[in-house]
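Survey of secondary and tertiary structure
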Amino acid sequence: MIDPLASAAVTALLERRGGDLLLIVDDSLRIMRAGPEAAVLAERSGESLAGMSLIAVFGSAPLDALARAAITTRSILIGEAELGHLGERQFAVDAVPLAQGGLLLSLHDITALRRMERVRRDFVANLGHELRTPLTSIKLLAETLAAGSVDAETTHDFVTQIEREADHLAQLVDELLDLSMIESGQTGLAVEPLDPEEGVAACVERIRPVAERRDVSVRRLPRPDTHARAMADPARLGQALLNLAHNAVKYSHHGGEVRIGWEAQDDVVRFSVADDGIGVPDSHKARIFERFYKVDRSRAREKDAEQLGGSAGIGLAIVRHIAEAHGGSVGFVSEEGLGSTFWIDVPRAPDPDRAS
Ligand code: ADP
């Protein structure tokens with residue numbers, strides 16, 4: 001009789017890389033067959049898995065319990081288990097009893113799906129929080145005004161505050177709409193060969209008045225000796241650079257200096273914005289390009305944050321998406337207490353320097 005487990009089809013499926021991870025265990029939950037992906041997940045060699053118990057290999061009580069229940073009830077069961085080093089990967093598990101005894105376990109990696117669900121939950125929670133703070137202020141101020149017991153000066157003051165909070169809300173909504181348009185690729189970039197010097201000059205001109213109010217000077221770095229052009233949408237790139245410049249000013253100390261410039265590299269033009277401000281603590285570096293991520297609002301003085309249009313943690317997410325929409329990238333180096341340099345890389349256009 002032909003052993004069905006030895007069939008070419010089963011072997012091909014088991015040995016397949018990148019797909020669902022398949023395992024065959026016997027009635028006492030000892031591994032009979034396992035593919036290379038199972039070995040990678042278990043951090044062992046493929047041969048060493050045969051004969052080992054499921055629990056010894058993966059150390060997952062939920063996986064073990066599911067398999068045991070499927071053996072006992074002789075029915076197909078589905079569940080979830082966290083596996084891998086420190087259980088950092090999540091799997092949807094199908095346990096299918098085999099006619100001749102034993103069990104086929106099929107593990108489908110749902111780590112990315114779960115992460116996306118978490119991001120969406122966080123997004124909604126953050127958005128709710130960002131909207132509620134100004135709305136609460138507006139409601140309180142309006143209620144006090146409606147009660148009619150405040151003098152003319154206070155009334156004026158309250159109305160100004162309501163206006164400011166409404167501006168924050170409007171700005172937040174604009175940023176969100178911008179972000180979702182850029183993320184969904186609907187913006188249709190109008191990319192053209194752009195003199196990087198023009199991009200830098202425009203940014204310097206727009207940020208200077210804001211910086212001066214905060215006693216921060218803005219310096220344009222010397223023009224590099226090249227005719228390199230960036231393949232960029234001037235408006236979108238300008239928006240990204242301005243976001244970086246706003247941050248550089250916002251997180252600078254009084255009397256600080258912001259330096260804006262560019263350089264040509266092999267395949268990209270790098271625009272950079274440097275400051276000597278408060279810097280980003282190491283523990284936050286991995287996350288600051290996420291939507292709504294803020295290091296600590298109290299670090300930027302509230303007054304400055306207001307002057308600069310609030311701080312919702314969306315600016316850098318927009319910068320990243322703009323860079324990526326150009327086929328470029330973003331990056332930064334920063335040292336807490338010393339300052340930061342953020343940059344945007346966009347593709348470099350063919351230029352005379354390179355032809356020669
Ligand atoms: P925000 O509106 O809070 O500035 P961003 O997305 O622009 O949002 O930035 C996210 C976080 O990254 C900020 O809250 C701030 O903590 C940090 N950050 C951004 N730029 C700088 C900078 N130049 N210096 C120090 N920290 C910065």
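What this report covers is the structure whose coordinates are included nearby. (Residues numbered from 1 in each chain as written. Predicted model: local features only at pLDDT ≥ 70, side-chain atom pairs only at ≥ 80, totals over all residues. Heavy atoms only, no water.)

**What to know about the packing of aromatic side chains**
The geometry of an aromatic ring pair comes down to the distance between the two centres and the angle between the two planes. To be explicit about the condition: By convention, a stacked pair of Phe, Tyr or Trp rings (six-membered ring in the case of Trp) has centres within 6.5 Å and planes under 30 degrees apart, an edge-to-face pair has planes over 60 apart, and any other such pair is tilted. Here a strand is any run of E in DSSP of at least two residues, a helix any run of H or I of at least four, and the numbering for each starts at the N terminus.
Following the criterion strictly, the structure yields 3 aromatic pairs and no others. Where phenylalanine 332 meets phenylalanine 342, the ring centres are 4.8 Å apart and the plane angle is 10°; that geometry is what we call stacked. Taken together, the positions of phenylalanine 332 in strand E11 (residues 329-335) and phenylalanine 342 in strand E12 (residues 339-349) put the pair 10 residues apart, joining distant regions of the chain. Pairwise contacts between aromatic rings join Phe289, Phe332 and Phe342 into one cluster.

**Observations concerning the pattern of salt bridges**
The condition that has to hold: For salt bridges, the criterion is a side-chain nitrogen of Lys or Arg within 4 Å of an Asp or Glu carboxyl oxygen. Three labels apply to residues, based on accessible area from a 1.4 Å probe with only protein chains included: buried if under 20% of the type maximum, exposed if over 50%, partly exposed otherwise in between.
On inspection of all chains with the given rule, the structure shows 17 salt bridges. Two residues, lysine 139 and glutamate 143, come together in a salt bridge whose shortest N-O distance is 2.8 Å. Of this pair, lysine 139 and glutamate 143 both sit in helix H6 (residues 111-147), 4 residues apart, roughly one helical turn. Given the relative accessible area of 53%, lysine 139 is considered exposed. With relative accessibility at 42%, the residue glutamate 143 sits in the partly exposed group. Here aspartate 195 ties to arginine 223 by a salt bridge, and the two come within 3.4 Å at their closest N and O atoms. Pair noted here: aspartate 195 is in the loop between strand E6 (192-194) and helix H8 (196-213) and arginine 223 is in the loop between strand E7 (217-220) and strand E8 (229-232), with a separation of 28 residues, a long-range link. Given the relative accessible area of 41%, arginine 223 is considered partly exposed.

**Some thoughts on the side chain of arginine 236**
Spelled out, the test is: The contact criterion used throughout is that any non-hydrogen atoms of two residues lie within 4.5 Å.
Looking at the secondary structure, you find arginine 236 in helix H9 (residues 234-250). You can call arginine 236 buried: its relative accessible area is 16%. When near neighbours in sequence (up to four residues on either side) are disregarded, arginine 236 contacts Asp178, Met181, Ile182, Thr187, Leu189, Ile322 and His326.

**Re the sheet that holds strand E2 (residues 31-34)**
The condition that has to hold: We treat two strands as partners when DSSP finds at least two bridges between them. To get an axis, fit a line to the C-alpha atoms, keeping to the stretch in contact for a helix; angles then go from 0 to 180 degrees between the N-to-C directions.
Across the sheet, which stays open at both edges, the 5 strands sit in the order E2-E1-E5-E4-E3 with antiparallel pairing between neighbours. In this open sheet, the two edge strands, each paired with only one partner strand, are E2 and strand E3 (77-83). Across this sheet, the average inter-strand angle for adjacent strands is 25°, counted without regard to direction. As defined by bridge partners, strand E1 (residues 21-25) adjoins E2 across 3 bridges and the pair is classed as antiparallel. If you follow isoleucine 24 over to E2, its bridge partner there is arginine 33.

**Notes on the nonpolar core**
Applicable threshold: In this text, buried Ala, Val, Leu, Ile, Met, Phe, Trp, Tyr and Cys residues form a nonpolar core when linked through side-chain atoms within 4.5 Å.
Judged by nonpolar contacts, the single largest core of 48 residues is most densely connected at Ile260, Phe271 and Ile344. For this core, the secondary-structure elements that each account for two or more residues are helix H7 (152-183), H8, E8, H9, strand E9 (257-264), strand E10 (268-275), helix H11 (315-325) and E12. Top contributing element to this core by residue count: H9, with 8 residues. Ignoring any residue separated from it by four or fewer positions in sequence, one finds isoleucine 344 in contact with Leu237, Ala240, Leu241, Leu244, Val269, Arg270, Phe271, Val319, Ala323, Ser329 and Val330. If you look at the next biggest cluster of nonpolar residues, it comprises 27 residues, including Leu29, Leu54, Ile71 and Ala95.

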